[in-house]
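Observations on chain architecture
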Amino acid sequence: MKIKYNVKTFEDVICYWVESQHISSELDDIVEYTDEVAELYETENWLHGIVDKTSPSIMEVSIRVDEVSEMANDVRVHAEKTLFAVLEVAIQSGKGVFKKYKDSKCSEHMDEIIESLADRFDEIYDYNKETQVKNFYKVLSECLDQY
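Residues numbered from 1 in each chain as written. Predicted model: local features only at pLDDT ≥ 70, side-chain atom pairs only at ≥ 80, totals over all residues. Heavy atoms only, no water.

1. Overview of the overall build of the protein
- Secondary structure summary: the protein contains five helices and zero strands in total.
- What you see in the protein, going N to C, is helices and strands ordered as α-α-α-α-α.
- Per-residue burial for the protein yields a buried fraction of 35% across its 147 residues.
- For the protein, the share of sequence-separated contacts (at least 6 apart) that also reach a separation of at least 24 residues comes to 72%. (Helix = DSSP H or I, 4+ residues; strand = E, 2+ residues; numbered from the N terminus. Buried < 20%, exposed > 50% of the residue type's maximum accessible area, 1.4 Å probe, protein only. Contact = heavy atoms within 4.5 Å.)

2. Considerations on the pattern of salt bridges
- Scanning all chains against the criterion turns up five salt bridges.
- Across the pair Arg120 and Glu123 runs a salt bridge, and its minimum N-O distance is 2.8 Å.
- Residues Glu142 and Lys138 are paired through a salt bridge, measuring 3.0 Å at the closest nitrogen-oxygen approach. Linking Glu142 with Lys138, this pair stays in helix α5 (residues 129-145), spanning four residues, or about one helical turn.
- Under the relative-accessibility criterion, Glu142 is labelled partly exposed at 32%.
- Owing to a relative accessible area of 48%, Lys138 belongs among the partly exposed residues under this scheme.
- Through salt bridges with shared partners, a single ionic network connects Arg120, Glu123, Lys138 and Glu142. (Salt bridge = Lys/Arg side-chain N within 4 Å of Asp/Glu carboxyl O.)

3. Comments concerning the packing of aromatic side chains
- By the definition in use, this model includes nine aromatic pairs.
- Here Trp17 and Phe136 contribute two aromatic rings whose centre-to-centre distance is 5.8 Å and whose plane-to-plane angle is 65 degrees, an arrangement assigned as edge-to-face. With Trp17 in helix α1 (residues 7-47) and Phe136 in helix α5, this residue pair connects regions lying 119 residues apart in the sequence.
- Residue classification places Trp17 among the buried residues on the basis of a relative accessible area of 0%.
- Residue classification places Phe136 among the buried residues on the basis of a relative accessible area of 0%.
- Grouping aromatic residues by their ring pairs yields a cluster made of Phe10, Trp17, Phe98, Phe121, Tyr125, Tyr127, Phe136 and Tyr137. (Phe/Tyr/Trp six-rings, centres within 6.5 Å; stacked < 30°, edge-to-face > 60°.)

Below you can see the structure in the form of structure tokens.
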């Protein structure tokens, strides 16, 4: 994958990664919740002999949410791979905020850096794109400084 680094592209990738992380996480929570509720009510109905195959059920909702969650997870993985590639190019370019990391060993630790970013997601996420980018750079710098 040939990537040309520029700040605008990198900021778009940051926002793509942030939103994909957020959506995937929120859907995981919904999957867990709908699964618990579906099991509770479906079991309750089954114990009382109430089986209505013609009406929609919470279990069907749970199954659909799980499918969407898997799709969102695929998007999150794609965003991570894209962020990984663009971040590597940005560090190698040594431009702007990446100047001090150009000759570091950061490229050898990209998996750990991406994992650290995900672990510190709560420090990055915001409803405002500009704040997300600012927070991302702050957390990223702290992660890169470790190497």
